[in-house]
Amino acid sequence: MTTRYDVSTVPLQGGYVAKQCPVRAQNDAIVPAIAVAVDPFQQRLFDHGNAFEAAIVAELLATHPGAVSISGGGEAAESATLQAMRTGVPLILNARLRDDAGRRVGKPDLLVAAPSGGYRALDVKWHMALDVARPSRPGVPAMVSELGDLVWERATADTAFTVRKHEGDALQLAHYQRMLEALGMNAPGGSVGAIIGTERRAVWYDLDAPLWRTPSVSETSKLRSTMERYD
């Protein structure tokens, strides 16, 4: 007898599945295994990353009086996040989202209200989000915001840097973008999200821009946007 699994019913957790190998994502869902213990080196990396994120969150809470931090998890956190968005809280930390079909969940570190309504997602990462601009190696021009003002519409170009292209980070932002769209809470004006790296600045990704060269049926390869890559 062959057992069939409907992977479409398994929730996609926190955006991490979006940037995993599809085979691994499927195996995690239908053939779960015993987790291997984290080695000391990896644990130190996790600890440093968690400490960095905690420091950023503390700074944002101190400098944004209207910010709200969601506590707990599960449905209670999802309801609190949705209520905060519906009431127009300008900055929501430790958010938790679930789409209307219940198939995807996500935990963006920050949700920032846009001036014209809706929200954009930002994530905190313990790695660099910018590269030094080099004439010999053209890159994506850096649009950045300081931690005191995280609104995309007021971001400024920093010509000394280009965006460091982390595909996993971009796919995670795309995951949050699709979830905000499903909830009707996405900001108008295109798909945009940001990474706060160790530079302690928000580096914005245009998720609709063709950035990633991928295989193509009609051509040898094709540039696709992050949203296309995610979908």
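Let me sum up the structure you'll find in this document. In this text, all values refer to a predicted model and were calculated from it rather than measured experimentally. (Residues numbered from 1 in each chain as written. Predicted model: local features only at pLDDT ≥ 70, side-chain atom pairs only at ≥ 80, totals over all residues. Heavy atoms only, no water.)

This part covers the nonpolar core. Counting residues in each nonpolar core, the largest one holds 33 residues, and the members touching the most others are Met85, Ile92, Leu111, Tyr119, Leu180 and Tyr205. Looking at this core, the elements that each hand over two or more residues are helix H3 (74-86), strand S6 (119-124), strand S8 (141-146), helix H4 (167-183), strand S11 (201-206), strand S12 (210-215) and helix H5 (226-230). The element contributing the most residues to this core is H4, with seven residues. Sequence-distant contacts of Ile92, defined by excluding residues within four places in its chain, comprise Val68, Ile70, Thr81, Ala84, Met85, Asp109, Leu110, Leu111 and Tyr119. Residues Leu147, Val192, Ala194 and Ala202 belong to the second largest nonpolar core, which totals 20 residues. (Core = buried A, V, L, I, M, F, W, Y, C linked by side-chain atoms within 4.5 Å. Buried < 20%, exposed > 50% of the residue type's maximum accessible area, 1.4 Å probe, protein only. Helix = DSSP H or I, 4+ residues; strand = E, 2+ residues; numbered from the N terminus. Contact = heavy atoms within 4.5 Å.)

Once that is clear, we can look at the side chain of Asp123. Among the structural elements, Asp123 can be located in strand S6. Residue classification places Asp123 among the buried positions, given a relative accessible area of 3%. Looking at Asp123, its side chain comes within polar contact range of the main-chain nitrogen of Asp109, at 2.9 Å. Discounting chain neighbours no more than four positions away, the residues touching Asp123 are Lys107, Pro108, Asp109, Gln172, Leu173, Tyr176, Ala194, Ile195 and Ile196. (Polar contact = N/O pair within 3.5 Å; in protein donor to acceptor, adjacent residues only side chain to side chain.)

Scanning all chains against the criterion turns up one aromatic pair. The interplanar angle of 55° and the centroid separation of 5.6 Å between the aromatic rings of Trp152 and Trp204 together place this pair among those described as tilted. Remark: Trp204 occurs in strand S11 and Trp152 occurs in the loop between S8 and strand S9 (156-163); sequence separation between them is 52 residues. Since its relative accessible area comes to 4%, Trp204 is described here as buried. The aromatic ring of Trp212 is capped on one face by Lys165, whose charged end is 5.2 Å from the ring centroid. (Phe/Tyr/Trp six-rings, centres within 6.5 Å; stacked < 30°, edge-to-face > 60°. Lys NZ or Arg CZ within 6 Å of the ring centre and 35° of its normal.)

The end-to-end C-alpha distance of helix H2 (residues 40-63), which contains 24 residues, comes to 35 Å, matching closely the 34 Å that a straight helix rising 1.5 Å per residue would cover. Residues of H2 that are buried: Gly49, Phe52, Ile56, Val57 and Leu60. Buried residues along H2 sit against strand S2 (91-93), strand S5 (110-113), S6 and strand S10 (192-196). Here H2 starts with a cap whose side-chain oxygen sits 3.0 Å from the backbone nitrogen of Phe41, and that cap is Asp39. (Expected span 1.5 Å × (residues − 1).)

So, about the side chain of Thr162. Positionally, Thr162 belongs in strand S9. The buried category is assigned to Thr162, whose relative accessible area is 12%. What Thr162 contacts, discounting residues up to four positions off in sequence, is Ala129, Leu130, Asp131, Val132, Ala133, Gly139, Val140 and Ala142.

Of note in this structure, Asn94 is not a glycine but carries a positive phi near 55°. Position of Asn94 among the secondary structure elements: in the loop between S2 and strand S3 (97-98). By relative accessible area, Asn94 is classed as partly exposed at 31%.

Below, the discussion takes up the pattern of salt bridges. Here the idea is simple: oppositely charged side chains can pair when their charged atoms come close. Under the definition given, this model contains 12 salt bridges. Of the charged contacts, one joins Asp158 and Arg201 as a salt bridge, the two residues approaching to 3.0 Å between their closest N and O atoms. Here Arg201 lies in strand S11 and Asp158 lies in strand S9, a separation of 43 residues in the sequence. With respect to class, Asp158 is no different from Arg201; both count as buried. Arg178 is the salt-bridge partner of Asp231, the closest N and O atoms lying 2.6 Å from each other. Placement of the pair is Asp231 in the segment after H5 and Arg178 in helix H4, with a sequence separation of 53 residues. For Asp231, a relative accessible area of 62% translates into the label exposed. (Salt bridge = Lys/Arg side-chain N within 4 Å of Asp/Glu carboxyl O.)

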